[in-house]
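# Residue-level structural notes
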Amino acid sequence: MTVDRSAAFLFMIAGYVAGAIVALIAPSDRIARGATAIGAASGSVAGLVTALAVLATGDRFELVRPDMIAVAGGVAIQLDSLGALFLALVCSVGLFAAVYGFTYTADYDGRRSLRFFGLMFNAFLLGMSLVPCAANVFTFLFAWELMAVASYFLVMTEHESSDARAAGLWYAAMTHFGFVLLLPMFLIMAPAAGATAFVDLRAGASALPPAARSTVFALALAAFGSKAGVVPLHVWLPRAHPAAPSHVSALMSGVMIKLGVYGLLRVTSDFLGTGPAWWGGLVLAVGSLSALGGVLYALTENDLKRLLAYSSVENVGVIFLGIGAALVLQSYGLPALAMVGFGAALLHTVNHACFKTLLFLAAGNVLRGARTRNMEQMGGLIKGMPVTAMAFLIGSAAAAALPPLNGFASEWMVFQALLSGAQIAKPEVAIGSPLAVGVLALTSGLAAATFVKAFGISFLAMPRSDAAAAAREPHWSAWTALGAFAAATVVLGLFAPSAIAAMYRIVESVTATPRNVTGGGGIWLLSAHGVAAGAVPPPVVTKLSPRKGSPSGGTSVKITGSAFTGASGFDVRVADTWGCGRIRQTARMEYTSSAFAEPLRRIFSELYRPTEDFSVSVHPEARLIIRSITYTTRIVPWIEKALYEPVTRGARAIAASVRRLQAGSVHLYLLYIAAALMAALASAWWFE
Amino acid sequence: MQLFSKILRTGIATELLRASDPDAVEIGRALDVRARQLLGRALAIREVDAGSCNGCELEIVGLASPIYDMERFGFHFVASPRHADLLLVTGPVTRNMEIPLRLTYDATPAPKFVVAVGDCAKSCGVFKGSYAVVGPVESVIPVDVSIAGCPPEPADILRGILAALDRLSPGPAR
Amino acid sequence: MSRAIAILFQTLLAAGLAPLVGGFIRWVKARLNGRRGAPPWQPYYDIQKLLGKEAVVSRTASWIFRATPFVVFSTSLVVASFVPLVAAPAGRFIAGDLFAAVYLLLLGTFFLALAGLDTGSPFGGMGASREMTVVALTEPTVALSIVALALNAGSTSFSQIVSRTLAEPAAALGPGHLLAFAALFIVTLAETGRLPVDNPATHLELTMIHEAMVLEYSGPYLALVEWGASLKLFVFLALAVNLFMPWGIAVSLAPIPLAIGLVTFVVKIGVLATAIAVLETRVAKLRLFRVPELLSASFVLALLAVLSTFLAR
């Protein structure tokens, strides 16, 4: 089948633009919602077709219009397989988010401007779809900024809550911090290239002096890292993602932060190519910090959506671990092994997009059903919302990296990439790579604890509030998105070898690693398994997935099966929960979310530094008669406090002193105008 | 190290059922046969103190000691009535323990049986007529066997358990 | 075909032998306590009895509670089907992967913790919370022990680790190997709920970890959970003996090596189980918040194992 890719691409843009415009001028809220969904869905389908066509054939798709906005270099579109992968991610999540959003935003009918929301939703999708397609600096920055501004407005949808406003402020500040770093990054690269097209940047990057290359790398890491939400630039993420409507959270957590990963991969592995080993070391350190920091804060979080947002920080950390391992291996001249790291990072990007979208959409259902994001008010939702519960369970197990789901496949690959570091006979690598393995293992163990808590406290046992007891499934259209991503999560896990092979093909096309390069000497797992020779996925995984149905799996199924027939045979009696003879079991006796995390919180109290407040009020006449005991504890992320408080305080101080210029006197402003004019004239004269 | 040399010196402390005591031999054999027939030689016991003075508990603890060692018959105490086959109830049932005792009985999966240990469990003993006491165990839950004694000896308790196993027909008793 | 039979045989062997290990440890402990104790095969009687009983299920519980015993048992069984027990022939016969084994067992634990929360019982929640805490803290040690072994063998697959250790007996006595063994042994105790991390014989709910989660199970469900737990212990012991002392293991599927492999395997497991029984007689349970210290010590051991393996290369 041949697809006219430029037609599909233009149809994508047309779909988004039409969705935005029709939503804006729609006569009723319902039509506005419909237009938003249909525009976004048709645009996404067209984008998906474009991306899949590029991925299937492997040759690039180009569309250059230098005459459009020529002053800035014109519009240039080029989609290679790396970009196509991210475009496919954006569009598939976008498609189902649009469908989901149609009923989800029905809650906003009459309360909020759905027209403006529709405009911004489509603009957001347009921006995200254009980022991986951009082929020159102007197009890239335009798409990047469109994405940032549109998502800012989406975060502010529920702007009457002060949380959402604070989240919007943090988000705007951090996203522009990233943008400000992008400009010098491109500025350093552009002179050597002599042009702003990405092709020229790529060609010119090798001519840059090492110091400039390293500066470009550091700027890219900071700029794209802030978009990806790595610690310590993650502060906006746990604030902004929960504040947005759930399908927007899914888009932001599932794909928008991945565009930061895209940017980093594009600049480092595509433009700059092989760099010194400390680049990889830095990425590994950032990745470890994010993985561990993200999961530790997710663990103690009681707000379901914030928990998921922190878990995104963790998963971005895992992705960065893969990239870091790859960069280290690349710098030591082991391109075939580096491919494993890049492949692991890409696969985890795809897998995380699947299960995190699933989790956020399921959390959206919970939010609509139980009317709260606080897990301490939930419980027992599995009875009223069985489908949502199933979806959340699959997502949780994948997020905890459990086999046979997709999270396991990609974490397994990250492990292998890190293990490959032992190939290098350098003491710093010998210490660093096992430490990174330890961090990753601890992260996945803590993630398992986190998601036992997230699922167990929210969905199991008895409801802790009336709203939770009354929660029911939303309209069935919300299930299509859940079903699609649950299926993707399972399929990508079961057919991990094919997915890995697909990732290798993409990495090959970007890093230009020729096939059939064997890894360094010795029998290492990958060369032994034949990965390096011909990009065949490691057979261990190949063994693992069919093993489910292979003789060994067969026996277990058989025994389980006979036990199941026994299950219908043996008597099951339903009785009260055993509570040591307690007369009545209430929901207040259940383990809470805070209680569940308490042991780990105490163990890691050095990292959390919780503040505790303990007060006892006693009877005025007898100190031994206690009236009430209150205990409050709070975890203030001290990284944020230490890093950001001085910055905000400084910014405030500067703003206060600058405010003195604004005295309100007309004479003073006339003076400013005159001074500015003089300065302009003087500078014109000076430069002439 | 001291610990292990002591272990070596002490050896096995469990009293073999003395051949001179035909009664005891009979208990041992009968327990073995019965338990194997009915419960596959494994009996999980949940002890419920329904308000006893803890005299009976001291004797029950003796069952698990090296001297009596009921584990050799495949008997063991469990932490939850869900795991139990037999409830060993002591003491007169106090008002506070009436509902918990019922709940415990309800929580135990069938086939299950109940052995009331001690005079108090049988007939409230010295606590008879107290305002805090509901009545003997059988006024609250069905009892299979009562063991007399204040407190009964561990051997008596074993005999009582045997009697309970005797009473239990192979079908499930609800 | 012979491969399918071998896997089937191994699975049945594991499922059949697993309860015996727990029973044997209990028997040795009883002897050390000066008791005659239940015979080592007592767990079979327990399982048989439980399978014939009624199951009582809490009103609050959902399908998670009923499905969990099957998940726990089948994940343990699948892992037992691919770890090397009696034979580790070259080639791809046992192409299992250590990470796959660890994470499959984690899947069982994940569901068990959910089942603990499912009934709404405070004990279940407490057990789930503590179990996940312990498991999360053991993961890094497990991973680093695997790294130490993989560094030696150049692979994370079982058969290659085993064959490399067989080929170089000296390496098996090297510091890297011994340190990794010590680390993995501590982790085995923690993961399978043995002393000093958890007391499998406790009756006091507040001291429980593993037991608190299964407090609600009864009848056939309990039988499956207990059997799955014993399989997990069996798998960990089998890993410890076969990865660190693989001598005697059959490297082909011929009858004589298989017979030797079976005998040496049973003897090795017996020795390790005795060691656990002696240890459990000797030590007291650690306070819950002392457990992290033990586990971080095991992590340091594993890290030292990796470093010494690296330096020895």
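Sequence positions are assigned chain by chain, starting from 1 and proceeding in written order. Chain letters and ligand numbers both follow the written order, the letters beginning at A and the numbers at 1. Predicted model: local features are reported for residues with pLDDT of at least 70 only, side-chain atom pairs are reported and counted for 80 or more only, and whole-chain, interface and lining totals are derived from all residues.

In this section: the overall build of chain B. Segments assigned H or I by DSSP are reported as helices when at least four residues long, segments assigned E as strands when at least two residues long, and all are numbered from the N terminus. Scanning chain B from terminus to terminus reveals six helices and seven strands. Of the regular secondary structure in chain B, the N- to C-terminal order runs α-α-β-α-β-β-β-α-β-α-β-β-α. Across the 174 residues in chain B, those meeting the buried criterion constitute 45%. In chain B, the share of contacts with a sequence separation of at least 24, taken over all contacts with a separation of at least 6, comes to 80%. To sort residues by exposure, count the other C-beta atoms lying within 10 Å of each residue's C-beta; 20 or more gives buried, 12 or fewer gives exposed, and values between give partly exposed, all with C-beta atoms placed from the backbone. Note on contacts: each residue gets a C-beta atom placed from the backbone, and two residues are in contact if those atoms are within 7 Å.

pLDDT is a residue-level measure of predictor confidence that goes from 0 to 100. For chain C, per-residue confidence averages 86 on the pLDDT scale, and 95% of positions sit at 70 or higher. Under the prediction, the complex receives an ipTM of 0.93, its pTM being 0.90.

So, about the interface of chain C and chain B. Contact residues are listed per partner, giving 27 residues for chain C and 26 residues for chain B. If you tally residues by element for the side of chain C that touches chain B, the top one is helix α2 (residues 42-51) of chain C, at five residues. For this classification, the nonpolar set comprises Ala, Val, Leu, Ile, Met, Phe, Trp, Tyr, Cys and Pro, the charged set comprises Asp, Glu, Lys and Arg, and every other residue, Gly included, is treated as polar. For the side of chain C that touches chain B, a count of residues per class yields nine nonpolar, eight polar and 10 charged.

Turning our attention to the pairing of strand β1 (residues 55-58) of chain C. Residues of β1(C) alternate between two faces, with A55(C) and V57(C) on one and V56(C) and S58(C) on the opposite face, all of them buried. Note on pairing: DSSP must find at least two bridges between two strands before they are called paired. Note: strand β3 (residues 572-575) of chain A against β1(C), four bridges, orientation parallel. If you follow V574(A) over to β1(C), its bridge partner there is V57(C).

Turning to the sheet that holds strand β1 (residues 43-49) of chain B, a few remarks are in order. Residues and elements named next belong to chain B. The five strands are arranged β2-β1-β3-β5-β7 in an open sheet whose pairing can be described as parallel. Each having just a single partner strand, β2 (75-77) and β7 (145-147) make up the two edges of the open sheet. Ignoring which end each strand starts from, the neighbouring axes of this sheet average 25° apart. Pairing of strand β5 (residues 113-117) with β7, which is carried by three bridges, proceeds in the parallel orientation. Fitted lines through C-alpha atoms give the axes, limited to the stretch in contact for helices. The angle between two N-to-C directions lies from 0 to 180 degrees.

With 70 residues of chain A at the interface, the matching set in chain C holds 72 residues. Secondary structure elements with two or more residues in the side of chain A that touches chain C: α14 (381-384), α16 (406-419), α17 (427-459), α21 (525-529), α22 (539-547), α23 (551-569), β3 and α24 (593-603) of chain A. Tallied by class, residues from the side of chain A that touches chain C come to 48 nonpolar, 14 polar and eight charged.

Residues and elements named next belong to chain A. The residue A46 is located in helix α2 (residues 29-57) in this model. Sequence spacing of A46 and V3 is 43 residues, and the spatial spacing of their C-alpha atoms is 11 Å. Those residues in contact with A46 that lie beyond four places of it in its chain are A8, F11, M12 and G15.

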